[in-house]
Amino acid sequence: MQQKIMGKMNSETLVIKNAKSEIAWEKIVLEYDEKRNYIRMDIDCDLTFRAADSDHFYQGHCTSLSGSGVAFVAEEQFEVGKGLEINIVPKSSVTPPMTAYVEVVRSKPLEKGQYEIAAVIKSIKGA
């Protein structure tokens, strides 16, 4: 059974219209908007990073990115509040690398001596 789906974007909500889901989508989008200012994108690419007070670079793997934050996996743990410089290198040459200055907001241990680092973006180099 085919359904015709129409989308409409306004400053308040995204409305997906079909017979059964219009109200549900409005509710989901409104709840989402209350929690975040930017949509988080799952990504899969390498990054290098260093502590703001160091010249030593580390390797990591970026897992998500939004307009205000980033999450990555690394073998190093950093305390909340620590400043880092990160350089995200996308797999595709269509998207340029991004260098940003971030502040760690979470450092959660994972398996095999790795940590999930979540950070808020303070500034983007060259922006």
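Residues numbered from 1 in each chain as written. Predicted model: local features only at pLDDT ≥ 70, side-chain atom pairs only at ≥ 80, totals over all residues. Heavy atoms only, no water.

Quick look at the pattern of salt bridges
- Tallied over the entire structure, the rule returns six salt bridges.
- Of the charged contacts in the structure, one is a salt bridge between Asp44 and Lys91, with a shortest N-O distance of 2.9 Å. Highlighted residues: Asp44 in strand β3 (residues 41–51) and Lys91 in the loop between β6 (83–89) and β7 (98–109), separated in sequence by 47 residues.
- For Asp44, a relative accessible area of 43% gives the class partly exposed. (Salt bridge = Lys/Arg side-chain N within 4 Å of Asp/Glu carboxyl O. Helix = DSSP H or I, 4+ residues; strand = E, 2+ residues; numbered from the N terminus. Buried < 20%, exposed > 50% of the residue type's maximum accessible area, 1.4 Å probe, protein only.)

Looking at the confidence of the model for the protein chain
- Overall, the predicted model of the protein chain reaches an average pLDDT of 76, with 69% of residues at or above 70.
- Across residues 1–34, confidence stays below pLDDT 50; counting only partners more than four residues off in sequence or on other chains, it has 32 contacts. (pLDDT = per-residue confidence, 0-100. Contact = heavy atoms within 4.5 Å.)

So, the environment of Gly113
- Take Gly113: it is sitting in the loop between β7 and β8 (115–124).
- What makes Gly113 partly exposed here is its relative accessible area of 48%.
- Considered as a pair, Gly113 and Glu76 are 37 residues apart in the sequence and their alpha carbons are 8.3 Å apart.
- Setting aside chain neighbours within four positions, we find Gly113 in contact with Ala74 and Glu75.

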